Each structure stands twice: as structure tokens, then as C-alpha cells.
Amino acid sequence: MLAALGYEVEASTGKSADHAYLLELGAARVLTREELSPADSKPISKEYWAGAVDPVGGPALAHVLSRMRYGASVALSGLTGGADFAATVYPFILRGVNVLGIDSVYCPSEVRKTLWERMATELKPRLLEQTVYKEVGLDEVAEAAQLVLEGKVRGRVLVRL
């Protein structure tokens, strides 16, 4: 969605086999997990990103925060890298970085409906169908969830109700 709006997007994955996939979806560059969680990460580093969407959290979030430009925002939408992260207040105080939580649980239905309508029309990714791994029934959710936890799924699993 961001690439289609004209933003230069950098994506990250721990799976080298998925680099071409992310480039096809619109990423200009693909970063490795190691690049987002370097061993020598500093509390504040050279300004780089104007904004970020972080579904990972953990050590990667601390590094991303340290590289944000002045006045940038980071939207947090998950915690696959862990709920904890070690960081300082430097990015917030010295650069005015904002952290925005994305609530996918208690978000009001009116807001959800508006967002889903925009994502189905003006923001619809051109390769949306390619992001679906498979569709499952309710009786297959546990098996599909296990595949996700094992890192064997690329994209989304749709659940038929």
C-alpha cells in the first residue's frame, strides 16, 4: 500500500527465500533480521527512516527507534520478536519520535469498516491475492496456527466462518 502511494519502502524478513517476493510486492530494498537487530546497536544512531510499521517489536524495535528521523512515527502492530525491548528515551526526546499503537482488538467497528472499505478500494494492494497463503475452515485453524508458529507460512491464512 505504501509503495503504491509513492513511498520508498524497505521490508524485512528472516527468510532469504522471500526477498524476491517482498520486492515484487513493492519493497525497494529488503533488510535481513541481522540488519534490524545488530549486535552493536546504539541508543541513537544516524537518522534514516521517515516512518516505520513494526509488527515485530523486541530488539528490532529498539534499533528502528534509534534510526528514525526527527519527528518520525513508528506504528506498532505486533510482537513476534517479543513484548520487551531495551531502549532509551533518546529518540523520543532528541528527535521527537512518536510511537503509535495499532489496536486490532478493541478498535470500534465503525473505524474498522471505514478502514476495510479504503483498503478494498483506493488502498487495495495490486498483488493482494498473492499475499494469501491458504484458506481454511474453523476446524483447520489449530493446524494452520502451528504452521505459522513454525515459520512455514508466507502471507495470510484466511479463515472461512
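Below or above, wherever it landed, is the structure these notes cover. This one's a predicted model, so the numbers in the text were calculated from it and none came from an experiment. (Residues numbered from 1 in each chain as written. Predicted model: local features only at pLDDT ≥ 70, side-chain atom pairs only at ≥ 80, totals over all residues. Heavy atoms only, no water.)

## Examining the environment of Ser66
Within the secondary structure, Ser66 sits in helix α3 (residues 58-66). Its relative accessible area of 0% is what places Ser66 among the buried residues. C-alpha of Ser66 to C-alpha of Ala87: the two residues are 21 residues apart in sequence and 8.3 Å apart in space. Those residues within four positions of Ser66 in sequence are excluded, and the remaining contacts are Ser41, Lys42, Pro43, Ile44, Ser45, Lys46, Pro91 and Arg95. (Helix = DSSP H or I, 4+ residues; strand = E, 2+ residues; numbered from the N terminus. Buried < 20%, exposed > 50% of the residue type's maximum accessible area, 1.4 Å probe, protein only. Contact = heavy atoms within 4.5 Å.)

## So, the pairing of strand β2 (residues 29-32)
Note: strand β1 (residues 10-13) against β2, four bridges, orientation parallel. Counterpart to Ser12 in the pairing with β2 is Leu31. With respect to chirality, the unit in which β1 leads through helix α1 (residues 19-25) into the neighbouring parallel β2 is right-handed. (Pairing = 2+ DSSP bridges. Right-handed = clockwise from strand over helix to strand, strands pointing away.)

## Quick look at the pairing of strand β4 (residues 68-76)
Where strand β3 (residues 49-54) and β4 come together, five bridges link them in parallel fashion. For Asp54, the partnering residue across the bridge sits in β4 and is Leu76. Between β3 and its parallel partner β4, the chain crosses via α3, and the hand of that crossover is right-handed. Bridge count between β4 and strand β5 (residues 98-101): four bridges; the pairing is parallel. Bridge pairing in β5 places Ala75 opposite Leu100.

## Focus: the side chain of Asp18
Locating Asp18 in the fold gives a position in the loop between β1 and α1. Overall, Asp18 belongs to the buried group, its relative accessible area being 12%. Of the polar contacts made by the side chain of Asp18, one reaches the side chain of Arg154; its length is 3.5 Å. Dropping the residues within four chain positions of it, Asp18 is found in contact with Thr13 and Arg154. (Polar contact = N/O pair within 3.5 Å; in protein donor to acceptor, adjacent residues only side chain to side chain.)

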